[in-house]
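Here is how the chains run, residue by residue.
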Amino acid sequence: MSFALQPARAAGATQPVTQAEWRMRVDLAAAYRLCARQGWDDLIYTHISAAVPDEPDHFLINPFGFAFDEIRASDLVKINGRGEVVGDSTHAVNVTGFALHGAVHAARPDAVCVMHLHNSAGVSVSAQACGLLALSQHALRFYGRLAYHDYEGLAFTPAEGARLTASLGQH
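One structure accompanies this document, and this report is about it. Because the structure is predicted, anything quoted here is derived from the model rather than measured.

### Details of the packing of helix α2 (residues 95–107) against helix α5 (residues 158–168)
Piece 1. Between α2 and α5, the least distance of the axes is 9 Å, while the angle of their chain directions is 50°. Looking at the two axes, α2 sits oblique to α5. When the axes of α2 and α5 are compared, the crossing they make is right-handed. Within the contact between the two elements, α2 uses Ala99, Leu100, Ala103, Val104 and Ala107 and α5 uses Gly161, Leu164, Thr165 and Leu168.

### A short note on the sheet that holds strand β3 (residues 58–61)
Piece 1. A sheet is described by the order of its strands in space; here four strands give the open sequence β4-β3-β2-β6, paired in antiparallel fashion. This sheet does not close on itself; its edge strands, each paired only once, are β4 (77–80) and β6 (113–116). Shown here is a sheet whose adjacent strand axes are inclined to one another by a mean of 25°, direction ignored.
Piece 2. Contacting β2 (47–51), β3, β4 and β6, helix α1 (residues 19–38) runs over the sheet at an angle of about 160° to β2.

### Describing the packing of aromatic side chains
Piece 1. Under the criterion given, the structure shown has two aromatic pairs.
Piece 2. Both rings, one in Tyr32 and one in Phe68, keep their centres 4.6 Å apart while their planes meet at 90°; by these two values the pair is edge-to-face. Taken as a pair, Tyr32 in helix α1 and Phe68 in the loop between β3 and β4 lie far apart in primary sequence, 36 residues in all. With respect to class, Tyr32 is no different from Phe68; both count as buried.

### Brief notes about unusual backbone geometry
Piece 1. Residues other than glycine seldom take positive phi values, yet Asp54 does so here, at roughly 65°.
Piece 2. Residue placement: Asp54 occurs in the loop between β2 and β3.
Piece 3. Residue Asp54 is classed as exposed on the basis of its relative accessible area of 76%.
Piece 4. Backbone geometry at Asp57 places phi at a positive 70°, although glycine is not the residue there.
Piece 5. If you trace the backbone, Asp57 turns up in the loop between β2 and β3.

About the criteria used
- Think of each chain on its own: its residues are numbered from 1, step by step along the sequence as written.
- This being a predicted model, a pLDDT of at least 70 is required before a residue's local features are given, and a value of 80 or more before pairs of side-chain atoms are given or counted; all residues contribute to the totals for chains, interfaces and linings.
- Derived side-chain values reflect all non-hydrogen atoms in the structure, with water molecules and hydrogen atoms excluded from consideration.
- Angular values range over 0 to 180 degrees, each being the angle between N-to-C directions of two axes fitted as lines to C-alpha atoms, with helices fitted over their stretch in contact.
- The helix count covers DSSP runs of H or I at least four residues long, the strand count covers runs of E at least two residues long, and both are numbered beginning at the N terminus.
- Comment on the angle field: the value is read as roughly parallel under 35 degrees, roughly antiparallel over 145, roughly perpendicular from 65 to 115, and oblique elsewhere.
- When the near helix sits turned anticlockwise from the far one by under a right angle, the crossing is termed left-handed; a clockwise turn instead gives a right-handed crossing.
- Throughout, a contact is declared for two residues whenever any of their heavy atoms are within 4.5 Å.
- Any two strands with at least two DSSP bridges between them are considered paired.
- When two rings of Phe, Tyr or Trp (its six-membered ring) have centres within 6.5 Å they constitute a pair, described as stacked for plane angles under 30 degrees, edge-to-face for angles over 60, and tilted for the intermediate range.
- Relative accessibility decides the category of a residue: with a 1.4 Å probe and only protein chains considered, values under 20% of the type maximum give buried, values over 50% give exposed, and everything between is partly exposed.

Laid out in structure tokens, this is it:
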């Protein structure tokens, strides 16, 4: 089984990268680098995506096999909600990254940036049956704003994306 999604190319002429898209690419690449610096990356199992400004149903995501500290704005892959590469990228994307991020971007167009990270604190809280307890000033920031989704294994299908976004609701 391959984790690399070799997406089909979107039909139509390649459009040049707009200034707004380039700014988003630079910001997203910086987010990848900052997460790497904090130790929040996890080999190829985490992803950050960002909606492409003024292009509904298009988002940017890391190429398959790149470490977070390697990602440059020009490396990011523009992909549409059907899993098709848009533009000149020759890179594949992680199939689970597409399955999760594609579902969230489709269900929540207001979520400009979607982060899936495995940092120690998040993993620890997710392992507790009670989730995040409102026991501190820091935890209270998230009171009533978190959603939980039971782990189903690696996400490969639109069906899990639908279940994930149903769990996400408006959080």
